Amino acid sequence: NCRIIVLFSGNGSNLQAIIDKCHLQGGAEIVAAVSNREDAFGLERAKTAAITTEVLDHKGFDSREAYDQALMALLDNYQPDLLVLAGFMRILTPEFVSHYQGRMLNIHPSLLPKYQGLNTHQRAIDAGDKEHGASVHFVTEELDGGPVALQARVPVFEDDTAEDLAARVHEQEHQIYPLVVSWFAAQRLSMSDGAAILDENRLPPDGYA
Ligand code: GAR
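Just so you know, these numbers come straight off a predicted model, no measurement behind them.

## Some remarks on the sheet that holds strand β9 (residues 195-198)
Within the open sheet, the 3 strands sit side by side as β8-β9-β10. Their pairing is antiparallel. Both outer strands of the open sheet, β8 (189-192) and β10 (201-202), are each paired with one neighbouring strand and no more. Both β9 and β10 contribute to a ladder of 2 bridges, which runs antiparallel. Counterpart to Ile197 in the pairing with β10 is Arg202.

## Looking at unusual backbone geometry
For the bond running from Leu112 to Pro113, omega is 10 degrees, close enough to zero to count as cis. By secondary structure assignment, the location of Pro113 is in the loop between β5 (104-108) and α5 (120-126). Residues other than glycine seldom take positive phi values, yet Ala50 does so here, at roughly 60 degrees. Mapping Ala50 onto the fold places it in the loop between α2 (42-48) and β3 (53-55). Its relative accessible area of 70% is what places Ala50 among the exposed residues. Even without a glycine there, the phi angle at Asp144 is positive, about 55 degrees.

## Looking at helix α6 (residues 162-185)
Compared with the 34 Å implied by 1.5 Å per residue over 24 residues, the 33 Å span of α6 between its first and last C-alpha is a close match. Positive phi shows up at Gln187, right after α6, with a value of about 60 degrees.

## Let's talk about the pattern of salt bridges
One pass over the structure, following the stated rule, counts 6 salt bridges. In this structure, Lys114 engages Asp129 in a salt bridge whose closest nitrogen and oxygen atoms are separated by 3.3 Å. Within this pair, whereas Lys114 is found in the loop between β5 and α5, its partner Asp129 is found in the loop between α5 and β6 (131-138), the two being separated by 15 residues in sequence. According to the relative accessible area criterion, Lys114 is partly exposed, its value standing at 42%. Measuring nitrogen to oxygen at the nearest pair gives 2.7 Å for the salt bridge that ties Asp160 to Arg168.

## Examining the packing of aromatic side chains
The relative placement of two aromatic rings is captured by the distance of their centres and the angle of their planes. Enumeration according to the criterion identifies 3 aromatic pairs in this entry. A ring pair is formed by Phe96 and Tyr100, whose centres lie 4.9 Å apart and whose planes are at 55 degrees; its orientation type is tilted. Each member of the pair, Phe96 as well as Tyr100, is classed as buried. The side chain of Arg90 reaches across the aromatic face of Tyr67, ending 4.3 Å from its centre.

## Considering the pairing of strand β7 (residues 148-155)
Counting buried residues in β7 gives 6 out of 8 residues, a clear majority hidden from the surface. As defined by bridge partners, β6 adjoins β7 across 7 bridges and the pair is classed as antiparallel. If you follow Ala134 over to β7, its bridge partner there is Ala152.

## Structural notes on the confidence of the model for the chain
Per-residue confidence for the chain gives a mean pLDDT of 97; residues scoring 70 or more make up 100%. Across the interface, the model reports ipTM at 0.98; the global pTM reads 0.97.

## Structural notes on the packing of helix α1 (residues 13-21) against α6
Any two packed helices are characterised by how steeply their axes cross, that is the angle between the axes, and by the distance between the axes. Contact geometry for α1 and α6: axes closest at 9 Å, N-to-C directions at 45 degrees. For the element pair α1 / α6, the angle class is oblique. Two packed elements cross with a definite hand, and for α1 against α6 that hand is right-handed. Residues Ser13, Asn14, Ala17, Ile18 and Lys21 of α1 lie in contact with α6, whose contacting residues are His170, Glu173, His174, Gln175, Tyr177, Pro178 and Val181.

Rules behind the numbers
Chains are numbered independently. Their residues run from 1 in the order of the written sequence. In view of the model being predicted, local features appear only for residues whose pLDDT reaches at least 70, and side-chain atom pairs are presented and counted only at 80 or more, with totals across whole chains, interfaces and linings using the full set of residues. Water and hydrogen atoms were dropped before computing side-chain values, which therefore reflect all heavy atoms in the structure. Each pair of strands is called paired provided DSSP finds at least two bridges between the two strands. For the purposes of this entry, the term helix denotes a DSSP run of H or I that reaches at least four residues, the term strand denotes a run of E that reaches at least two, and both are numbered from the N terminus. Type-normalised accessible area, obtained with a 1.4 Å probe on protein chains alone, sets the label of each residue: buried when under 20%, exposed when over 50%, and partly exposed for intermediate values. Helix span is expected to be 1.5 Å times the residue number reduced by one. Each salt bridge in this description consists of a side-chain nitrogen of Lys or Arg and a carboxyl oxygen of Asp or Glu lying within 4 Å of one another. Within 6.5 Å between ring centres, the rings of Phe, Tyr and Trp (the latter by its six-membered ring) count as paired, and their orientation is classed by plane angle as stacked under 30 degrees, edge-to-face over 60, tilted in between. Working rule: Lys NZ or Arg CZ, within 6 Å of ring centre, within 35 degrees of ring normal, means a charge sits over the ring. pLDDT: the predictor's confidence for each residue, scored from 0 to 100. Axes here mean lines fitted to C-alpha atoms, for a helix over just the part in contact, with angles spanning 0 to 180 degrees between N-to-C directions. Convention used here: angles under 35 degrees read as roughly parallel, angles over 145 as roughly antiparallel, angles from 65 to 115 as roughly perpendicular, and any remaining angle as oblique. Note on convention: near helix rotated counterclockwise from far helix by under a right angle means a left-handed crossing. Clockwise means right-handed. The contact definition used throughout considers only heavy atoms, calling two residues in contact when any of these lie within 4.5 Å.

This is the structure we're talking about:
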């Protein structure tokens, strides 16, 4: 069994997609749903699915290092095989990242390596891009820089607002993230020498599509 922990800070729609498409299927089990915010709606989603929830609020820690140490201790109690970052809006320390090297995935709302960081939808519109999307990647020390496992592309229309585009990207996120998690759970996907490997094939830097 692949023991999965999903981490999130907000709505948790990607958590929901992973619950619906991966939880207790194909050897995958979400053993905990963890938020840094007690008001995150994802906590309700997890409770509805009878998944154990944990909140570790970053307020009350004087440093990023102290928070990440405490988070690592909490997570390791569950002996996870995979951490799934699903809108977990925190920058992680190098210690945390290296501890979970090769067993931590993230989803980012852009076609990486474009638009690392925040406000990706508005930035794509402002740049006049005709195409935008989302990327699932392994987490490495380079923020939003780890090897991509899968990307989804969406068109950008003339009169799109950032909200329109975000909604279009979200729909795709809900398809690709559960798929990549299921690959990992089936031991079809790994990270080696800084590359994402699917079924023994090294994926191109911009992900399989
Ligand atoms: C998703 O769009 C995800 O790509 C983004 O946060 C959203 C969370 O939505 N992640 C980042 O911006 C990471 N830097 P959700 O809570 O509904 O899953």
